[in-house]
Amino acid sequence: MSDAAARSEPPRPDPAPCTVRLADIDKSNLAGEGNYLWRHTLPDGLEVVAKVYHGSRSPLLYMKKTFGNVVLTGRSSHMPTARCAMEAACVRAWEEQGFRCFGMYPQIAIDGLPRDGYMVFEYVPGRHFRDYFQDRAVPLEEKRATWRRFVPEWHRRHAAAVATGDSKLIHENGDVKHVMLWQDDFVYFDFEMIYTSKDVRMLVGREICCYMRSVGRFFGDEMYEWMTADLVEHYPDKALLMTTWQWAFDHSDGFTKFVRRLDYSMKPRSKRKYSKYVVALDVKRRLDALSLTRSGPA
């Protein structure tokens, strides 16, 4: 059972089925790029967000990105209907494991849009991690307590992904921009695509590397230092945490391992501060030091 369930989280509103006219929706886009996100108030006063997967890019670009995803990077399709279906499948998978996501309201229809190209979500007025951890008004002790509460939940999802072999439980776009704090809980979002590899342990390593890279880039050296230290200290399964280094330098697939090591040795950007490789090496260094400390002198 999740921490959220233990805290008796308030029930999510369940609006009655209705149809919203496209002309009645304010088209002010809440998203930066990639999709249309439109906030709307239903007749009963409930605020929702319509996420529209069609139309923000040209058909040719959708096809180009899909080719790159499927053939080159091992991800699922970028086509609008595929992203809509995948996001819904991921939300269901995460919620089945007890993780809070933006609730879906499939009973809300939008007249004038293709039904397989949009989803209506609950509106969540929470705080993004990106904003919360950068807020100087939030005491450091509170930030550390929040992070230390997050790390075991992060591990629980990774452990569930490995146990079930379900790559939908890996956050393809996981970083500090895609977690929110709301009602004393963590809320996760943005699940349009997944990595399709069956080696879920390696996907865990990739997600952690990308997440901690975003910590360094958004929050800077001081916060990266203590957040990474707390990650290594409080992530329960140190062997699973070591997949950060394995994904980057000792991948289970021999060809991928060769390509990653070549990439690291030949591309200057791979050695830049907070690159995925540098983060992976840093996590391994900290894990090695922790192991030596706990084992004591020979």
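Residues numbered from 1 in each chain as written. Predicted model: local features only at pLDDT ≥ 70, side-chain atom pairs only at ≥ 80, totals over all residues. Heavy atoms only, no water.

Novice: If you had to explain the overall build of the protein to someone new, which residues and values would you point to?
Specialist: Scanning the protein for helices and strands turns up 11 helices and nine strands. Computed over the C-alpha atoms, the radius of gyration of the protein is 20 Å, within 12% of the 19 Å expected from 2.2 N^0.38 for a compact globule of 298 residues. With the principal axes as the frame, the protein shows a C-alpha extent of 70 × 45 × 35 Å. By the burial criterion, 47% of the 298 residues in the protein qualify as buried. Look at the contacts in the protein between residues 6 or more apart in sequence, and 65% of them connect residues 24 or more apart. When the accessible surface of the protein is split by element, carbon and sulfur atoms take 56% of a total near 14700 Å². (Helix = DSSP H or I, 4+ residues; strand = E, 2+ residues; numbered from the N terminus. Rg over C-alpha atoms; globule rule 2.2 N^0.38 Å. Buried < 20%, exposed > 50% of the residue type's maximum accessible area, 1.4 Å probe, protein only. Contact = heavy atoms within 4.5 Å. Areas by Shrake-Rupley, 256 points an atom, 1.4 Å probe, with all protein chains shown as cover.)

Novice: Any chance you could break down the confidence of the model for the protein for me, citing the residues and the numbers?
Specialist: On average, residues of the protein score 92 in pLDDT, and 95% of them reach the 70 mark or higher. Throughout residues 1–8 the model reports pLDDT below 50, and contacts reaching past four residues in sequence, or to other chains, amount to nine contacts. (pLDDT = per-residue confidence, 0-100.)

Novice: Give a detailed account of helix H5 (residues 140–164), specifying residues and quantitative values.
Specialist: With 25 residues, H5 should cover 36 Å at 1.5 Å per step; its first-to-last C-alpha distance of 36 Å lies within 8% of that length. Remark: Gly 165 follows H5 within two positions and exhibits a positive phi of approximately 70°. (Expected span 1.5 Å × (residues − 1).)

Novice: Quick one: what's the story with helix H2 (residues 59–73), residue by residue and with numbers?
Specialist: If you check H2, its first and last C-alpha atoms are 20 Å apart, about what 15 residues at 1.5 Å a residue would give, namely 21 Å. For H2, the elements touching its buried residues are helix H3 (80–96). Taken from the residues just after H2, Gly 74 is the one with a positive phi, measuring 70°.

Novice: So what's going on with unusual backbone geometry? Residues and values would help.
Specialist: In this structure, Asp 184 is a non-glycine residue whose phi angle is positive, near 60°. Relative to the elements of secondary structure, Asp 184 occurs in the loop between strand S8 (179–182) and strand S9 (185–188). The phi torsion at Asp 190 lies on the positive side, around 75°, for a residue other than glycine. Its location among the elements puts Asp 190 in the loop between S9 and helix H6 (200–219). Residue classification places Asp 190 among the buried residues on the basis of a relative accessible area of 17%.

Novice: Requested: an account of the side chain of Ser 270, with residues and values cited.
Specialist: Of note, Ser 270 is situated in the loop between helix H10 (254–266) and helix H11 (276–295). What makes Ser 270 buried here is its relative accessible area of 4%. Within the local environment of Ser 270, its side chain forms a polar contact with the backbone oxygen of Asp 263, the two atoms lying 3.2 Å apart. If we skip the residues at most four places from it in the chain, Ser 270 touches Asp 263, Tyr 264, Ser 275, Tyr 277 and Val 278. (Polar contact = N/O pair within 3.5 Å; in protein donor to acceptor, adjacent residues only side chain to side chain.)

Novice: Would you mind going over the layout of surface pockets in detail, with residue names and values included?
Specialist: Reported here for the second largest pocket is a volume of approximately 200 Å³. Forming the walls of the second largest pocket are Phe 133, Gln 134, Arg 136, Val 138, Pro 139, Leu 140, Lys 143, Glu 222, Met 223 and Trp 226. Residue assignment for the lining of the second largest pocket shows that the elements contributing at least two residues are H5 and helix H7 (221–234). The element best represented in the lining of the second largest pocket is H7, accounting for three residues. In the lining of the second largest pocket, the residues fall into six nonpolar, one polar and three charged. (1 Å grid on protein atoms, 1.4 Å probe; cavity = no way out; pocket = protein on both sides within 12 Å on 5 of 7 lines; lining within 4 Å. Points joined across faces, edges and corners; volume = space filled by probe spheres on them. Nonpolar A, V, L, I, M, F, W, Y, C, P; charged D, E, K, R; others polar.)

Novice: Which residues make up the pairing of S9, and what are the values?
Specialist: Residues Asp 185 and Val 187 point to one face of S9 and Phe 186 and Tyr 188 to the other, with burial holding for every one of them. Bridge analysis of S8 against S9 gives four bridges, and the strand direction is antiparallel. Bridge assignment links Val 179 to a residue of S9, and that residue is Tyr 188. With antiparallel pairing between neighbouring strands as the criterion, S8 and S9 make up a hairpin whose turn holds two residues, including Gln 183 at a positive phi of roughly 50°. (Pairing = 2+ DSSP bridges.)

Novice: Any details on the environment of Ser 58? Residues and values, ideally.
Specialist: You can see Ser 58 is positioned in the loop between strand S3 (47–52) and H2. On the accessibility criterion, Ser 58 (38% relative accessible area) is partly exposed. The sequence separation of Ser 58 and Val 179 amounts to 121 residues, and the corresponding C-alpha distance is 29 Å.

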